[in-house]
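# Per-entry structural report
This is what each chain is made of:
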Amino acid sequence: MLFSVVVLGFAAVARGLGRVMLTAPITFVIAGALASLVLGAPSLESTLQIRIAAELALGLVLFHGGAGVRPRHVAGGGGLLLRVVLLAGPLSVGLGYAL
């Protein structure tokens, strides 16, 4: 529930927050820190739910960042894109699965 409120709240004011360099990842970290101060530490039973919500949030943040990439910027940085796709992507997935 709290995650949904934060996502919807950020979506409602994202344009204004972008002007002051308050991005989605920073907003989610701040919301998580405030929630842990108010609600206390999570129980062991709820850590799986928190992990799923965190993975969902990461997916949304990465999609949001990738959606802002313009095709002509991709064409200009082909070498960097190739390294990310062929090296960093598989490494990230492999290490994430291993951990």
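In what follows, the structure referred to is the one given above.
Residues numbered from 1 in each chain as written. Predicted model: local features only at pLDDT ≥ 70, side-chain atom pairs only at ≥ 80, totals over all residues. Heavy atoms only, no water.

We now examine the packing of helix 1 (residues 2–19) against helix 2 (residues 24–39). Where helix 1 contacts helix 2, the two axes come as close as 10 Å, and the packing angle between them is 140°. In this view, helix 1 runs oblique relative to helix 2, as classed from their interaxial angle. The two elements helix 1 and helix 2 meet at a crossing, and its hand is right-handed. Residues Leu2, Phe3, Val6, Val7, Phe10 and Leu17 of helix 1 pack against Ala24, Thr27, Phe28, Ala31 and Ala35 of helix 2. (Axes fitted to C-alpha atoms, helices over the stretch in contact; angles between N-to-C directions. Helix = DSSP H or I, 4+ residues; strand = E, 2+ residues; numbered from the N terminus. Parallel < 35°, antiparallel > 145°, perpendicular 65-115°, else oblique. Left-handed = near helix turned anticlockwise from the far one by under 90°. Contact = heavy atoms within 4.5 Å.)

Before going further, it helps to spend a moment on the environment of threonine 23. With respect to the helices and strands, the residue threonine 23 is situated in the loop between helix 1 and helix 2. Residue threonine 23 is classed as partly exposed on the basis of its relative accessible area, which comes to 37%. In sequence terms threonine 23 and valine 61 are 38 residues apart; their C-alpha atoms lie 9.4 Å from each other. (Buried < 20%, exposed > 50% of the residue type's maximum accessible area, 1.4 Å probe, protein only.)

On to helix 1. Taking 1.5 Å of rise per residue, 18 residues should cover 26 Å, and helix 1 covers 25 Å from first to last C-alpha, within 8% of that figure. Residue valine 13 marks the point of greatest curvature in helix 1, where the axis turns by about 70°. Within helix 1, burial applies to Val6, Phe10 and Leu17. Buried residues belonging to helix 1 abut helix 2. In the stretch just after helix 1, methionine 21 is the one whose phi turns positive, near 60°. (Expected span 1.5 Å × (residues − 1). Bend = angle between axes of the 7 residues up to and from the residue.)

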